[in-house]
Amino acid sequence: MPGLIERHMDRLPFEKGDPIISLGEGNTPMIYACEISERVGARVWLKLEGLNPTGSFKDRGMTCAVSAAVRDGSNAVICASTGNTAASAAAYAARAGITCAVVVPGGKIAQGKLAQSLIHGARVIGLDGNFDEALKLVRELVETEPVALVNSVNPFRIEGQKTGAFEIHDVLPDLAALAIPVGNAGNVTAWWKGFQEVGAAPRMFGFQAAGAAPLVLGHPVENPETIATAIRIGNPARWTEAETAFAESNGSVRTVTDEQILEAYRLLANKEGVFCEPASAASVAGLLVHGADGVEDVVCVLTGNGLKDPDTALAQGGGVTPCEVDIEALRAVVLG
Ligand code: F0G
């Protein structure tokens, strides 16, 4: 299967003959959510972006950003990240044979993302600060150093991520709304751009964690906090673009609490069989809490794989029942 640059080259800033760094990203499944549909009172679909090669939607943007960096002669990339961008940049840089540095909030990213970044050979820098501070520093660094910045301030990231909208539009051309978690606001910007390019205009329902909700509050949050570490961001780089997307699509941006996020996270796993990471569950939590505003159908973007964050799953799931090697003991614990 070709990757998304080859599939969508007519709508992306690439030409035949350009170097393409791909891991076979995109073309993710979209499945119907029976239980959630019933609770929300609308047809709810789940777009499983956690099934991209590194387990998050970032791969759509990263294939474009790293391919462009290689085309332009870069031999190093850098990003600030809450974890998924780091894992994706590390993987695509490894594939391209170039070096990669990732700057993450020290001790505040999920274990799976850290493991990915390390095993792909990135230089992992644990900053004594949050994502916003990391992004500010990295932007400053690339002004003087010959390193390509692959955060979503890089337009190639937006170009790649907009292809999710093409895939949904092929299946649901009259879709009424998209529910999406919002952190640095690159993804909602990209999805809205993608829908516009195919002449569609579903309402963009964005959701932020209550402790990290600058777009809802209307001002930056100095010390963002949430269990959904992927969206622990207080000053989104794509602020104005996100506001435009919400306004032009007749959408909205609202908050969900950590408890509501975790409830949706458990519900997705228990009732729909879908294991996503906490930040991703914010889209479903938003619909459960705020309703679907009368729309008939809505797609929730489940941005990252649950395996990214085993610690949260272990804390939220049931415990392990011990058992000695004995059939009666086993019968008792299995049936008990
Ligand atoms: N969901 C997940 C799983 C994410 O990793 C992110 C962002 C978002 C949602 C929000 O997307 O930032 O485009 O609004 N993660 C970035 C990172 C910040 O560094 O991995 P956004």
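Residues numbered from 1 in each chain as written. Predicted model: local features only at pLDDT ≥ 70, side-chain atom pairs only at ≥ 80, totals over all residues. Heavy atoms only, no water.

1. Focus on the packing of aromatic side chains
In step 1: All chains considered together, the criterion is met by four aromatic pairs.
In step 2: Taking the centre distance of 5.1 Å and the plane angle of 70° together, the rings of Tyr32 and Trp45 count as edge-to-face. Taken together, the positions of Tyr32 in strand β1 (residues 30-32) and Trp45 in strand β2 (residues 43-48) put the pair 13 residues apart, joining distant regions of the chain.
In step 3: Classification of Tyr32 by relative accessible area gives partly exposed; the value is 35%.
In step 4: Between Tyr265 and Phe275 the ring centres are 6.4 Å apart and the planes differ by 50°, which places this aromatic pair in the tilted class. Here Tyr265, found in helix α12 (residues 258-272), pairs with Phe275, found in the loop between α12 and α13 (278-290); they are 10 residues apart in sequence, far enough to count as distant.
In step 5: Exposure remark for Phe275: the relative accessible area of 35% places this residue in the partly exposed category.
In step 6: Over the face of the ring belonging to Phe166 we find Arg11, whose NZ or CZ atom lies 4.8 Å from the ring centre. (Phe/Tyr/Trp six-rings, centres within 6.5 Å; stacked < 30°, edge-to-face > 60°. Helix = DSSP H or I, 4+ residues; strand = E, 2+ residues; numbered from the N terminus. Buried < 20%, exposed > 50% of the residue type's maximum accessible area, 1.4 Å probe, protein only. Lys NZ or Arg CZ within 6 Å of the ring centre and 35° of its normal.)

2. Examining the pairing of strand β8 (residues 203-209)
In step 1: In terms of burial, β8 is a largely internal element, seven of the seven residues being buried.
In step 2: Because side chains alternate across β8, one face comprises the buried residues Arg203, Phe205, Phe207 and Ala209, and the other comprises Met204, Gly206 and Gln208, equally buried.
In step 3: Handedness of the β-α-β unit built from strand β7 (residues 177-181), helix α9 (residues 186-197) and β8 comes out right-handed.
In step 4: Here β8 runs beside strand β9 (residues 252-256); their pairing, made up of five bridges, is parallel. Bridge pairing in β9 places Gly206 opposite Val253. (Right-handed = clockwise from strand over helix to strand, strands pointing away. Pairing = 2+ DSSP bridges.)

3. Focus: empty space enclosed by the protein
In step 1: For the structure on display, the rule yields one cavity of 30 Å³ or more.
In step 2: The space that makes up the largest cavity amounts to roughly 320 Å³.
In step 3: If you trace the largest cavity, you find 27 residues lining it, with Phe57, Lys58, Gly183, Asn184 and Ala230 closest to the centre.
In step 4: Of all the secondary-structure elements, those providing two or more residues to the lining of the largest cavity are α4 (84-96), α7 (155-161) and α9.
In step 5: Looking at which element gives the most residues to the lining of the largest cavity, the answer is α9, with three residues.
In step 6: Among the residues forming the lining of the largest cavity, the class breakdown is 10 nonpolar, 14 polar and three charged.
In step 7: Two domains each put at least three residues into the lining of the largest cavity: domain 1 (4-56 + 156-316) and domain 2 (58-154). (1 Å grid on protein atoms, 1.4 Å probe; cavity = no way out; pocket = protein on both sides within 12 Å on 5 of 7 lines; lining within 4 Å. Points joined across faces, edges and corners; volume = space filled by probe spheres on them. Nonpolar A, V, L, I, M, F, W, Y, C, P; charged D, E, K, R; others polar. Domains from an automatic or database assignment.)

4. Observations regarding the domain arrangement of the chain
In step 1: Split into domains, the chain comes out as domain 1 (4-56 + 156-316) and domain 2 (58-154).
In step 2: Averaged C-alpha coordinates put domain 1 and domain 2 at centres separated by 21 Å.
In step 3: With 49 residues of domain 1 in contact, the opposing surface of domain 2 contributes 39 residues.
In step 4: Together domain 1 and domain 2 conceal approximately 3,600 Å² of surface at their shared face, both sides included; 52% is due to carbon and sulfur atoms.
In step 5: Among the residues of domain 1 in contact with domain 2, Ile21, Phe156 and Arg157 are the three that bury the most area, contributing 24% of the side total. (Contact = heavy atoms within 4.5 Å. Buried area = accessible area lost by both parts, 1.4 Å probe.)

5. With respect to the pattern of salt bridges
In step 1: Across all of its chains, the model carries 19 salt bridges by this definition.
In step 2: As a salt-bridge pair, Glu35 and Arg39 come within 2.9 Å of each other at their nearest N and O atoms. Placement of the pair is Glu35 and Arg39 together in helix α2 (residues 34-40), with a separation of four residues, close to one helical turn.
In step 3: For Glu35, a relative accessible area of 27% translates into the label partly exposed.
In step 4: Taking the shortest distance from any N to any O, the salt bridge between Glu225 and Arg232 comes out at 3.2 Å. (Salt bridge = Lys/Arg side-chain N within 4 Å of Asp/Glu carboxyl O.)

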